Amino acid sequence: FKLGRPPEKCAVFTDRPTDITAAHEVSLKAVAKVGYFRAYELRNADATMSEFDNLTVYNVRRLFAKIGVETLDAQTELEGPSGPPGGRPRTRW
């Protein structure tokens, strides 16, 4: 089925290192559950937990918080601390 969301705004929930690699190959986030595989084997996951019940809204927000941060920082750096000339914010698409 189709979600209609860009891959970088989606996540895979898994307990296998191969699924983490596959998720990252298509720009998905990977949340791994420690169980059959130990935490060090799941180290490439974006988040690792002992139970999926431990997943909270706060953790999900942190998982996706870095999307676009690099672009925002680069734009701020180009425009300087006071923003664009004229003081009006500029929207980039």
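In case you missed it, the structure is sitting above this.
Here is what the cut-offs are and how they apply
Residues numbered from 1 in each chain as written. Predicted model: local features only at pLDDT ≥ 70, side-chain atom pairs only at ≥ 80, totals over all residues. Heavy atoms only, no water. Helix = DSSP H or I, 4+ residues; strand = E, 2+ residues; numbered from the N terminus. Buried < 20%, exposed > 50% of the residue type's maximum accessible area, 1.4 Å probe, protein only. Contact = heavy atoms within 4.5 Å. Areas by Shrake-Rupley, 256 points an atom, 1.4 Å probe, with all protein chains shown as cover. Phe/Tyr/Trp six-rings, centres within 6.5 Å; stacked < 30°, edge-to-face > 60°. Polar contact = N/O pair within 3.5 Å; in protein donor to acceptor, adjacent residues only side chain to side chain. Core = buried A, V, L, I, M, F, W, Y, C linked by side-chain atoms within 4.5 Å. Pairing = 2+ DSSP bridges. Right-handed = clockwise from strand over helix to strand, strands pointing away. Axes fitted to C-alpha atoms, helices over the stretch in contact; angles between N-to-C directions.

What am I meant to see in the overall build of the protein chain here?
Helix and strand content of the protein chain: 3 helices and 3 strands. Shown N-terminal to C-terminal, the secondary structure of the protein chain runs as helices and strands in the order β-α-β-β-α-α. By the burial criterion, 18% of the 93 residues in the protein chain qualify as buried. For the protein chain, long-range pairs separated by at least 24 residues make up 24% of all intrachain contacts whose partners lie at least 6 apart in sequence. Carbon together with sulfur atoms contributes 53% to the accessible area of the protein chain, which is approximately 7,600 Å² in total.

Hey, could you run me through the packing of aromatic side chains in this one?
Geometry of an aromatic ring pair is reported as the spacing of the ring centres plus the angle between the planes. Evaluation of the coordinates by the stated rule reveals 2 aromatic pairs. Here the aromatic rings of Phe13 and Phe52 are separated by 5.8 Å at their centres, their planes lie at 90°, and the arrangement is edge-to-face. Taken as a pair, Phe13 in strand β1 (residues 11–14) and Phe52 in the loop between β3 (47–49) and α2 (57–64) lie far apart in primary sequence, 39 residues in all. For Phe52, a relative accessible area of 30% puts it in the partly exposed group. Measuring from centroid to centroid gives 5.1 Å for Tyr36 and Phe37, while their planes differ by 85°, and the two rings are edge-to-face. Judged by relative accessible area, which is 72%, Tyr36 ranks as exposed.

It is not clear to me how the environment of Asp46 should be interpreted in this structure. Could you clarify?
Relative to the assigned elements, Asp46 resides in the loop between β2 (29–33) and β3. Classification of Asp46 by relative accessible area gives partly exposed; the value is 36%. Beyond its immediate chain neighbours, meaning those up to four positions away, Asp46 contacts His24, Leu28, Lys29, Ala30 and Leu63. In terms of polar contacts, Asp46 uses its side chain to reach the side chain of His24, at 2.9 Å.

Any chance you could explain the nonpolar core here in plain terms?
Where a protein is soluble and globular, its nonpolar side chains tend to be buried together. Core analysis: the biggest nonpolar cluster contains 9 residues, these being Cys10, Ile20, Ala23, Leu28, Ala30, Ala32, Phe37, Leu42 and Ala45. Breaking this core down by element, the ones donating at least two residues are α1 (17–25) and β2. Not counting residues within four places of it along the chain, the set of residues in contact with Ala45 comprises Ile20, His24, Ala30 and Ala32.

How do you make sense of the pairing of β1 when you look at a structure like this?
On any regular strand, side chains alternate: one points to one face of the sheet, the next to the other face. With 4 bridges connecting them, β1 and β2 associate as parallel partners. Counterpart to Phe13 in the pairing with β2 is Val31. Considered for its hand, the β-α-β crossover made up of β1, α1 and β2 is right-handed.

Quick question: what am I supposed to make of the sheet that holds β2 here?
Strand pairing within a sheet occurs via backbone hydrogen bonds; the two strands may be parallel or antiparallel. Taking strand neighbours across the sheet as the criterion, the 3 strands line up as β1-β2-β3 in an open arrangement whose pairing is parallel. Both edges of this open sheet fall to β1 and β3, since each of them pairs with a single strand only. Across the sheet, the axes of successive neighbouring strands diverge by a mean angle of 15°, strand direction being ignored. Pairing of β2 with β3 involves 3 bridges; the strand directions are parallel. Considered in β3, the bridge of Ala32 is made with Thr48. Against the sheet, α1 touches β1 and β2, its axis set at about 170° to β2. Across the sheet, α2 touches β1, β2 and β3, and the angle it forms with β2 is around 140°.

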